[in-house]
Amino acid sequence: MSVETRISLETLTAKAPEAAEFMRHFSNANRLMLLCYIAQRETAVTDLQEALGIKQPALSQQLAELRHAGLVKTRRESRQIFYSIADGRAEAVMKLLFRLFCDPESGPTDEPAVTGSTDPVVEQAALPPKDAAHFARIVPLT
């Protein structure tokens, strides 16, 4: 998000529950692996089960949740069901996660992910060393 982008507190408050629910779908390791795999290519259920080693009951449950959330869609071909990403936001999140966690070119770095903000309410310092706490400093409005 650029420094010029200003979003009102009311908008943030209104959108936070929707965003939290959306992100909840990425918080389960099996669902995340399914999304990672499906984001790379349309995939048959049998291929998902074989590649990821997720047992059928858990696979069905997690795929059903992703379908219900509208993150993936299905296509039937004969007796096989194929899954693909259905939500552009999910696709964007997966691209970001691939870049942050899976791209060997952009591995861990000591560079701060977020630089100092010019926001008058919250001034962010450079990220602390690993395992150290990070706090925002509240700056009075002038």
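Our structure's up above, just so we're on the same page.
All chains use their own residue numbering, which begins from 1 and follows the written sequence. Reporting of local features is limited, given that this is a predicted model, to residues whose pLDDT is at least 70; pairs of side-chain atoms are given and counted only at 80 or more, and all residues count toward the totals for whole chains, interfaces and linings. Note that water and hydrogens are dropped before the side-chain values are worked out from all heavy atoms of the structure.

### Description of the side chain of His 25
Here is the rule we go by: Where helices and strands are cited, they refer to DSSP runs of H or I of at least four residues and of E of at least two residues respectively, numbered from the N terminus. Only protein chains enter the accessibility calculation, which uses a 1.4 Å probe. A residue is then buried if its area is under 20% of the maximum for its type, exposed if over 50%, and partly exposed in between. In this description, contact between two residues means that some pair of their heavy atoms is separated by no more than 4.5 Å.
Assignment of secondary structure puts His 25 in the loop between α1 (9–24) and α2 (29–40). Judged by its relative accessible area of 6%, His 25 is buried. Dropping the residues within four chain positions of it, His 25 is found in contact with Arg 31, Leu 35, Glu 65, Leu 66, Ala 69 and Leu 71.

### Things to note about the packing of helix α3 (residues 45–52) against helix α4 (residues 56–68)
Put simply, the rule is: Note on geometry: axes are C-alpha line fits, over the in-contact stretch for helices, and angles between N-to-C directions span 0 to 180 degrees. With respect to orientation, any angle under 35 degrees is reported as roughly parallel, any angle over 145 as roughly antiparallel, any angle of 65 to 115 as roughly perpendicular, and every other angle as oblique. Less than a right angle of anticlockwise turn of the near helix away from the far helix marks a crossing as left-handed, whereas a clockwise turn marks it as right-handed. Residue classes follow a fixed rule: Ala, Val, Leu, Ile, Met, Phe, Trp, Tyr, Cys and Pro count as nonpolar, while Asp, Glu, Lys and Arg count as charged, and any other residue, Gly among them, counts as polar.
For the pair α3 and α4, the least separation of the axes is 11 Å and the interaxial angle reads 120°. In terms of orientation, α3 lies oblique with respect to α4. The handedness of the crossing between α3 and α4 is right-handed. Every residue of α4 that contacts α3 at Val 45, Leu 48 and Gln 49 is listed here: Gln 56, Leu 59 and Leu 63. Residues that form the contact of α3 with α4 fall into these classes: four nonpolar, two polar and no charged.

### What to know about the sheet that holds strand β3 (residues 80–85)
Quick reminder of the rule: In this description, strands pair whenever DSSP reports at least two bridges between them.
Read across the sheet, three strands follow the order β1-β3-β2 without closing on themselves; strand pairing throughout is antiparallel. For this open sheet the edge positions go to β1 (43–44) and β2 (72–77), each flanked by a neighbour on one side alone. In this structure, β1 lies alongside β3, joined through two bridges in antiparallel fashion. Each bridged residue has a counterpart across the sheet, and for Ala 44 the counterpart in β3 is Phe 82. Those strands touched by α2 are β1, β2 and β3, and its axis lies near 90° from that of β3.

### Some remarks on the state of the cysteines
This is how the line gets drawn: By convention in this document, the label disulfide applies to cysteine sulfur atom pairs within 2.5 Å.
Here the structure, examined in full by the defined rule, presents zero disulfides. The thiol of Cys 36 is unpaired, and the distance to the nearest cysteine sulfur, on Cys 102, comes to 5.8 Å. Taking the relative accessible area as the measure of exposure, Cys 36 reaches 15% and is therefore buried.

### Some details on the pattern of salt bridges
Using the following cut-off: Any carboxyl oxygen of Asp or Glu within 4 Å of a side-chain nitrogen of Lys or Arg constitutes a salt bridge here.
Counting across every chain of the model gives nine salt bridges. Here Glu 21 and Arg 24 are joined by a salt bridge, their closest N and O atoms 3.0 Å apart. Of this pair, Glu 21 and Arg 24 both sit in helix α1, three residues apart, which is roughly one turn of that helix. Among the residues examined, Glu 21 registers a relative accessible area of 39% and is labelled partly exposed. Classification of Arg 24 by relative accessible area gives partly exposed; the value is 35%. For the salt bridge of Glu 65 with Arg 31, the shortest nitrogen-to-oxygen distance reads 3.3 Å. Taken together, the residues span a long stretch of sequence, with Glu 65 in helix α4 and Arg 31 in helix α2 at a distance of 34 residues.

### Overview of the packing of aromatic side chains
The condition that has to hold: Stacked, edge-to-face and tilted are the three classes for Phe, Tyr and Trp ring pairs, Trp counted by its six-membered ring, which pair at centre distances within 6.5 Å; planes under 30 degrees apart are stacked, over 60 edge-to-face, the rest tilted. Sitting over a ring, as applied to charges here, requires NZ of Lys or CZ of Arg to be within 6 Å of the ring centre and within 35 degrees of the ring normal.
In this structure the tally under the stated criterion is one aromatic pair. The ring of Tyr 37 carries Arg 41 above its face, with NZ or CZ at 4.8 Å from the centroid. Directly above the aromatic system of Phe 22 lies the positively charged group of Arg 89, at a separation of 4.5 Å from the ring centroid.

### Structural notes on the environment of Asn 28
Test applied: For the purposes of these results, a polar contact is taken to be a pair of N or O atoms within 3.5 Å, where, inside protein, one atom must be able to donate a hydrogen and its partner to accept one; residues adjacent in sequence count only when each atom of the pair is a side-chain atom.
Among the structural elements, Asn 28 can be located in the loop between α1 and α2. Distance in space between the C-alpha atoms of Asn 28 and Gln 62 is 9.0 Å, their sequence separation being 34 residues. Polar side-chain contacts of Asn 28 include one of 2.8 Å to the backbone nitrogen of Asn 30.

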